[in-house]
Amino acid sequence: MEIERKFLISGLPEDLEEYPCRKIEQGYLCTDPVIRIRRQDDDYILTYKSGGMMSHEEYNLPLSAEAYEHLKPKADGIYIEKKRYCIPFGDYTIELDVFEQDTAPLILAEVEFPTVEEAEAFVPPDWFVKDVTYDERYHNSYLSQHGYHKADIQT
């Protein structure tokens, strides 16, 4: 079970270069249910996600680079490209995604939790602008199909 909240960010922290960063590229073979392929640095992953906004089932399976390249042209919509910074915050890790290409200049933060109760009790730092956990327009699977249109979805 994955339990996470998602937040809109207006700007980058000044010390961002101090944190580990991963380069991510992902495409969607299906969005209902979500079946995603991802390249994260030199790792390749096939992911299944069930329905749900804050909590859902998620299963990750390793892929070879060859399998990823074989599946890549089968993905629907646009590929999501982003840099993910992992920032410690108390007992949690903020995964700060800085989107590139077709989804730039979107910046989102995700925080994962062990329980729904902890997720609901979480108090975000001041630099988190808006909780968009329940807004499907900020989910990567939606962005892959519709793109990012700042004027349309930041209200």
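Residues numbered from 1 in each chain as written. Predicted model: local features only at pLDDT ≥ 70, side-chain atom pairs only at ≥ 80, totals over all residues. Heavy atoms only, no water.

Caption draft 1: Spotlight on the overall build of the protein chain. Secondary structure assignment for the protein chain yields four helices and ten strands. Tracing the protein chain from N to C terminus, the helices and strands come up as β-β-β-β-β-β-α-β-β-β-α-β-α-α. Compactness check: the protein chain gives a C-alpha radius of gyration of 15 Å against a globular reference of 15 Å for 155 residues, within 12% of the reference. Based on the C-alpha atoms only, the size of the protein chain along its principal axes is roughly 45 × 30 × 30 Å. (Helix = DSSP H or I, 4+ residues; strand = E, 2+ residues; numbered from the N terminus. Rg over C-alpha atoms; globule rule 2.2 N^0.38 Å.)

Caption draft 2: Region of the structure containing the environment of Lys-83. Residue placement: Lys-83 occurs in strand 7 (residues 76–89). On a C-alpha basis, the gap between Lys-83 and Glu-18 in space is 14 Å, while along the polypeptide they are 65 residues apart. In this structure Lys-83 touches Cys-21, Arg-22, Lys-23, Leu-96, Asp-97, Val-98 and Glu-100, once residues within four positions along its chain are discounted. (Contact = heavy atoms within 4.5 Å.)

Caption draft 3: Examining the pattern of salt bridges more closely. This structure, assessed with the given rule, holds 13 salt bridges. Salt-bridge contacts for Lys-49 lead to Glu-2; the nearest nitrogen and oxygen are separated by 3.7 Å. In this pair, Lys-49 is assigned in strand 4 (residues 43–49) and Glu-2 in strand 1 (residues 2–9), connecting sequence segments 47 residues apart. Here Lys-49 falls in the buried class, since its relative accessible area comes to 16%. (Salt bridge = Lys/Arg side-chain N within 4 Å of Asp/Glu carboxyl O. Buried < 20%, exposed > 50% of the residue type's maximum accessible area, 1.4 Å probe, protein only.)

Caption draft 4: Summary view of the nonpolar core. In this structure, Leu-96, Val-111, Phe-113, Phe-122 and Phe-128 are the most contacted members of the largest nonpolar core, which totals 18 residues. When contributions to this core are tallied by element, the ones reaching two or more residues are strand 1, strand 7, strand 8 (92–100) and strand 9 (107–112). Here this core gets four residues from one element, more than from any other, and that element is strand 8. Excluding residues that lie within four positions of it along the chain, Phe-128 makes contacts with Phe-7, Leu-8, Ile-9, Ile-94, Ala-109, Val-111 and Phe-122. The next biggest cluster of nonpolar side chains, apart from the first, holds eleven residues, and it includes Val-34, Phe-99, Leu-106 and Leu-108. (Core = buried A, V, L, I, M, F, W, Y, C linked by side-chain atoms within 4.5 Å.)

Caption draft 5: Highlighting the pairing of strand 7. Examined bridge by bridge, strand 2 (residues 21–31) and strand 7 share seven bridges and lie antiparallel to one another. Bridge pairing links Arg-22 to Arg-84 in strand 7. Where strand 7 hands over to strand 8, the hairpin turn is made up of two residues, of which Gly-90 adopts a positive phi near 60°. (Pairing = 2+ DSSP bridges.)

Caption draft 6: Representation of the packing of aromatic side chains within the structure. Evaluation of the coordinates by the stated rule reveals nine aromatic pairs. Aromatic side chains Phe-7 and Phe-128 sit 4.8 Å apart centroid to centroid with 45° between the ring planes, which places their arrangement in the tilted category. A residue pair is termed long-range when its members are at least 10 positions apart, and Phe-7 in strand 1 and Phe-128 in strand 10 (residues 128–131) qualify at 121 residues. Look at Phe-128 and you get buried, because its relative accessible area is 8%. Considering the side-chain rings of Tyr-92 and Phe-122, the 5.6 Å spacing of their centres and the 90° angle between planes classify their relative orientation as edge-to-face. In this pair, Tyr-92 is assigned in strand 8 and Phe-122 in the loop between helix 2 (116–121) and strand 10, connecting sequence segments 30 residues apart. For Tyr-92, a relative accessible area of 18% puts it in the buried group. Clustering of aromatic rings is evident, with ring pairs tying together Phe-7, Phe-89, Tyr-92, Phe-113, Phe-122, Trp-127 and Phe-128. Sitting above the plane of the Tyr-79 ring, Lys-72 keeps its charged end 5.4 Å from the centroid. (Phe/Tyr/Trp six-rings, centres within 6.5 Å; stacked < 30°, edge-to-face > 60°. Lys NZ or Arg CZ within 6 Å of the ring centre and 35° of its normal.)

Caption draft 7: The arrangement of unusual backbone geometry in detail. That bond from Asp-32 to Pro-33 is cis: its omega, 5°, falls within 30 degrees of zero. By the secondary structure assignment, Pro-33 is in the loop between strand 2 and strand 3 (34–40). A cis amide bond, omega 5°, links Ala-104 with the succeeding residue Pro-105. Summarising the element assignment, Pro-105 is placed in the loop between strand 8 and strand 9. Even without a glycine there, the phi angle at Asp-41 is positive, about 55°. Of note, Asp-41 is situated in the loop between strand 3 and strand 4.

As far as function goes, none of this settles anything; it's purely spatial.
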